[in-house]
Amino acid sequence: MANKVKPPEQTEVSEAQIAVHWKEEGHYQPSDRFKSQANMRDPHILEKFGLDKFPDCFREYADMLTWFEPYRTVLDTSDAPFWKWFVGGKINASYNCVDRHLAKYGSKAAFIFVPEPEAEPDVVITYQELHTRVNEAAALLRGLGLTAGDRVTFHMPMVPELPITMLACARLGIIHSQVFGGFSGQACGSRIQDSGSRVLITMDSYWRNGTLVDHKANADIAVRAAKELGQDVDKVLVWQRYPGKYSAKTPMASGRDSFVNDLLKDYKGKNVEPVALPSEGPLFLMYSSGTTGKPKGAQHSIAGFLAYVTATSKWLLDIHPDDVYWCMADIGWITGHSYIVYGPLANAGTSVLYEGVPTFPDAGRPWRIAERLGVNIFHTAPTAIRMLRKLGPQEPRKYKYQFKSMTTVGEPIEPEAWRWYYDEVGKREAVITDTWWLTETGGFLCTTVPALHPMKPGSCGPGAPGIHPVIYDETGAEIPKGSGKAGNICIRNPWPGIMQTVWGDRDRYIKTYFAKYNKSPKSKDWRDWPFMCGDGAVQAADGYYRILGRIDDVINVAGHRLGTKELESACLTVPEIAEAAVVPVQDELKGRVPEVYVAVKPGVPPSQDVVDRVVKAIEDVIGKIARPKRVYIVPDMPKTRSGKIMRRVLAAISNRRDVGDVTTLANPDVVEQIRTLVQGKDVVATREELPEDIAKFGEVE
Ligand code: WTA
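For the structure given in this document, a descriptive report is provided here. (Residues numbered from 1 in each chain as written. Predicted model: local features only at pLDDT ≥ 70, side-chain atom pairs only at ≥ 80, totals over all residues. Heavy atoms only, no water.)

Moving on to the sheet that holds strand 8 (residues 199–203). Working definition: the strands of a sheet are paired by backbone hydrogen bonds and lie parallel or antiparallel to each other. Overall, mixed pairing links the 8 strands, which are arranged 12-11-8-6-7-14-15-23 in an open sheet. Single-partner strands in this sheet number two, and they are strand 12 (257–259) and strand 23 (501–502). Sheet analysis places strand 7 (residues 175–178) next to strand 14 (residues 282–288), joined by 2 bridges and oriented parallel. Its bridge partner lying in strand 14, serine 177 is registered against leucine 285. Of the strands in this sheet, strand 6 (151–155), strand 8, strand 11 (235–239) and strand 12 are in contact with helix 10 (residues 216–228), which crosses strand 8 at around 160 degrees. (Pairing = 2+ DSSP bridges. Helix = DSSP H or I, 4+ residues; strand = E, 2+ residues; numbered from the N terminus. Contact = heavy atoms within 4.5 Å. Axes fitted to C-alpha atoms, helices over the stretch in contact; angles between N-to-C directions.)

As structure tokens, then:
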């Protein structure tokens, strides 16, 4: 056979354009019943939001909000690519989500909180009550001296106090930064430091899988970690899961920690005028993992973000005020910010807030909740769908709920899981929107408009109204639809929901999302700044996009983005570890899970103890969600002659694939040793193609 070694530059191009074999799925039509009641039924909607109408088409989104002062400019591009939307306007997100609904919907439920223990009663919070509680919390925050522009970090579970505190911040222009409750104290601490928060708001405990977790313990770790990084936290405010009772064992630090319920006594019945804030003021930060070890704070604006999530909640989730909507995501992620809190509330929706695990105490739980509360819009992630299907494939049939629409988000969904969702959960009546988007984008990028477009299992659909995707190859050439080739999906134009910047790091914003395809860095023309999303994608002849997964060093575990560099540096906190490499492995339930390869320092014997401490280090530094599936101690890492660890080779071994040609490595022999360690003596590798995200893993540096 001819020389198998390809020049590296050719490898890059051919891999970006790797042919994607995919059986074309059939289309499913929305029912007439759904169509007749849908908020968005205009068949010309995508043309109305065509690029020739940009950016003025987005005025319609701004019109869905109530303004204190009207905006003057739809889109200001003078500081490209730091877009400013609806400039000159004055607005308040808390007012738009709460106050403006009081006259008509004051006695209607804004939230129905469902505790994890099934015997505990639901807690209904009407818009009127939400108003009272948001005002009291805002008065308390103001009483602490916090004002517009200050940052406050939250580390809260799924309880009504989380949206209440978010809206209290929004009322005053305080920038909230919620860290997912499942992250460790240390992970919370580094985010406190990055955002420069002096106040941490947390909760003593919450229920998870039948256990009342001591969550306050994390606050102490977080404050200590932040301090080590140079950021002092003056105040820790602790909500009580059971008001009036402290449900954690960790002591309260005197002078620093206070119970919110105690402090609130001084603010009973207090009203706080919503502050008229500039449109482009920041509303919140949401940290997300990327290629480097340091998570980045996506900064979202008040008006642009709110307009975008309001319109997409109305048109794409199809929320009407008389619907009962349930998104099972956690508010600690962007999905919860956009599509549990801000979008649904701005539409006067009624949302179910569920505290716990969907499969607790059994796989019938979600369907019991749906039946009891009359949920008719359901929103979840493929991992939950796979899990519920595995544990209780027939469970939905036992309950008399009926959804009109369902959403999936966070990971690619394979057609088989999609069909179970459609047939069993949706009972062949509910439409499905497969919504693809990112923390950075504030709201949906690609999805069908549910009453207008047929569904196609495994594909998210065309761009949402006003979103114009394009797929580029490595050289910046457009990959045409129907070519069967994959590339990097980008959005040609800005949109109101796009993040404003990476908190405190303008250069990183440009470098991460724009540098690759921007040809003129001084340009003020938005056409020169396509937004690179970081996913591989392919567009079928019918225009629908199929997302293949992350192309950077991010592993999407059960819909949670984990940075491999973060995991690797956690491993290196174990003193015996010399080198670490983390790779994604396909998993039947969670999509991808991390596997860890470590090399120990000379003279250290490999042992289970070292493995256990690596796992513990990952749990401490990041959280239990990042727990690796396996940890292998290897004699050496496979390396290029320049010393770079070949993560791709490890990924192939972990995924039981052929490692390909390794003769150019500095230490080719170690590959076979590692392969035997992982796969056993017999060759078990298959030649089946690796999914794009794994095949390309480790390429971006
Ligand atoms: C992935 C979550 C396929 C994708 C809203 C993206 C998806 C990352 C989908 C962002 C989908 C999200 N189909 N993949 N419908 N939705 N993803 O920031 O890889 O937590 O880049 O935002 O999740 O995850 P993030």
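Once you've had a look at it, read on.
Glancing now at the environment of proline 415. Position of proline 415 relative to the elements: it lies in helix 16 (residues 415–425). By relative accessible area, which is 10% here, proline 415 ends up buried. Spatially, the C-alpha atom of proline 415 lies 4.9 Å from that of proline 457, the residues being 42 residues apart in sequence. (Buried < 20%, exposed > 50% of the residue type's maximum accessible area, 1.4 Å probe, protein only.)

A few words now on the packing of helix 8 (residues 161–172) against helix 13 (residues 334–346). Where helix 8 contacts helix 13, the two axes come as close as 12 Å, and the packing angle between them is 60 degrees. As summarised for this structure, helix 8 and helix 13 are arranged oblique, according to the angle between their axes. Between helix 8 and helix 13 the crossing geometry is right-handed. On the side of helix 8, the interface is formed by Pro163, Met166, Leu167 and Ala170, while helix 13 contributes His337, Val341, Tyr342 and Leu345. (Parallel < 35°, antiparallel > 145°, perpendicular 65-115°, else oblique. Left-handed = near helix turned anticlockwise from the far one by under 90°.)

Should their charged atoms come close, side chains of opposite charge can pair. In total, this model carries 48 salt bridges according to the counting rule given. The closest approach of N and O atoms between arginine 256 and aspartate 220, which form a salt bridge, is 2.5 Å. A residue pair is termed long-range when its members are at least 10 positions apart, and arginine 256 in the loop between strand 11 and strand 12 and aspartate 220 in helix 10 qualify at 36 residues. Taking relative accessible area as the criterion, arginine 256 reaches 16% and is therefore assigned buried. Across the salt bridge formed by aspartate 620 and lysine 616, the nearest N and O atoms sit 2.7 Å from each other. Pair noted here: aspartate 620 and lysine 616 are both in helix 19 (residues 608–621), with a separation of 4 residues, about one helical turn. One connected set of salt bridges, linked through shared partners, spans Glu118, Asp362, Arg365 and Arg368. (Salt bridge = Lys/Arg side-chain N within 4 Å of Asp/Glu carboxyl O.)

Below, the discussion takes up the site of the ligand. The ligand sits among 17 residues. The nearest are Asp434, Thr435, Thr439, Asp535 and Arg561. Within the backbone of proline 412, an N or O atom sits 3.4 Å from a nitrogen atom of the ligand. A distance of 2.7 Å is found between an oxygen atom of the ligand and a side-chain nitrogen or oxygen belonging to arginine 561. Of all elements in the fold, only helix 13, strand 20 (431–435) and strand 25 (545–550) reach the threshold of two or more residues within the shell around the ligand. Counted by class, the shell around the ligand contains 7 nonpolar, 5 polar and 5 charged residues. (Near = heavy atom within 4 Å. Polar contact = N/O pair within 3.5 Å; in protein donor to acceptor, adjacent residues only side chain to side chain. Nonpolar A, V, L, I, M, F, W, Y, C, P; charged D, E, K, R; others polar.)

In this structure, Phe58, Phe86, Leu130, Tyr342 and Trp436 are the most contacted members of the largest nonpolar core, which totals 120 residues. What tyrosine 342 contacts, discounting residues up to four positions off in sequence, is Ala93, Cys97, Met166, Leu167, Ala170, His176, Leu283, Phe284, Phe305, Leu306, Val309 and His337. Ile192, Leu200, Ala222 and Ala581 belong to the second-largest nonpolar core, a separate cluster that totals 65 residues. (Core = buried A, V, L, I, M, F, W, Y, C linked by side-chain atoms within 4.5 Å.)

For the bond running from phenylalanine 54 to proline 55, omega is 0 degrees, close enough to zero to count as cis. Relative to the helices and strands, proline 55 is located in the loop between helix 3 (45–48) and helix 4 (59–62). A cis amide bond, omega -5 degrees, links phenylalanine 360 with the succeeding residue proline 361. On the secondary structure map, proline 361 appears in the loop between strand 17 (350–354) and helix 14 (365–373). In this structure, aspartate 318 is a non-glycine residue whose phi angle is positive, near 60 degrees. As for its position among the elements, aspartate 318 is in the loop between helix 12 (303–315) and strand 16 (324–327). The buried category is assigned to aspartate 318, whose relative accessible area is 1%.

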